[in-house]
Amino acid sequence: ADAIAQLPEKCRQVFIMRKVQGLSQRETAQALGLSESTVEKHVGRGIRHLINIFGRGGKIGVAASNVEPSDTEPYDRPGKQCGDRAAGGPVGSPA
């Protein structure tokens, strides 16, 4: 619950409606006045935020190492796709 509370407002709303309340993408989009693709993007961002939080052992605000996260990761740049998608491979495949 604490991790979800840290999500950006719109992202949190969408994430809760889709993943907690179990609404469909279409139902969520209609309820919030968003397109279905925007709903999908918010869910993906929410999942990435949660992975970042729990990737640190669930300790919110504590880094796992002294290495600062790279701001060059493809999904962190607005308008850019994940590297393996941009390369045309399936999601999760080596880039």
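Up top is the structure.
Residues numbered from 1 in each chain as written. Predicted model: local features only at pLDDT ≥ 70, side-chain atom pairs only at ≥ 80, totals over all residues. Heavy atoms only, no water.

A. Seen up close, the overall build of the chain. Each helix and strand counted, the chain has five helices and zero strands in total. Helices (α) and strands (β) of the chain occur, in sequence order from the N terminus, as α-α-α-α-α. For the chain, buried positions account for 17% of its 95 residues. If you take every contact in the chain between residues at least 6 apart in sequence, the share linking residues at least 24 apart comes to 38%. Total accessible area computed for the chain in this model is approximately 6,700 Å², and 52% of it derives from carbon and sulfur atoms. (Helix = DSSP H or I, 4+ residues; strand = E, 2+ residues; numbered from the N terminus. Buried < 20%, exposed > 50% of the residue type's maximum accessible area, 1.4 Å probe, protein only. Contact = heavy atoms within 4.5 Å. Areas by Shrake-Rupley, 256 points an atom, 1.4 Å probe, with all protein chains shown as cover.)

B. Quick peek at the nonpolar core. Ranked by size, the top nonpolar core spans five residues in total: Ala-3, Leu-7, Phe-15, Leu-50 and Ile-53. In this structure Phe-15 touches Ile-4, Leu-7, Val-20, Val-43, Gly-46, Ile-47 and Leu-50, once residues within four positions along its chain are discounted. (Core = buried A, V, L, I, M, F, W, Y, C linked by side-chain atoms within 4.5 Å.)

C. Local environment of the pattern of salt bridges. Throughout the structure, instances matching the rule amount to two salt bridges. With a shortest N-O distance of 2.3 Å, Glu-9 and Arg-12 are connected by a salt bridge. Remark: Arg-12 and Glu-9 occur in helix α2 (residues 9-20); sequence separation between them is three residues, near one turn of the helix. You can call Glu-9 partly exposed: its relative accessible area is 47%. Using a relative accessible area of 21% as the deciding quantity, one classes Arg-12 as partly exposed. (Salt bridge = Lys/Arg side-chain N within 4 Å of Asp/Glu carboxyl O.)

D. Quick peek at the side chain of His-42. Residue placement: His-42 occurs in helix α4 (residues 36-54). With residues near it in sequence (within four places) discarded, His-42 still touches Lys-10, Cys-11, Val-14 and Leu-34.

E. View of α4. For α4, built from 19 residues, the straight-helix expectation of 27 Å at 1.5 Å per residue is met to within 8% by its first-to-last C-alpha distance of 27 Å. Buried within α4 we find Val-39, His-42, Val-43, Gly-44, Gly-46, Leu-50 and Ile-53. In the core, the buried residues of α4 are packed alongside α1 (2-5), α2 and α3 (25-32). (Expected span 1.5 Å × (residues − 1).)

Spatial relationships are all this shows, so hold off on functional conclusions.
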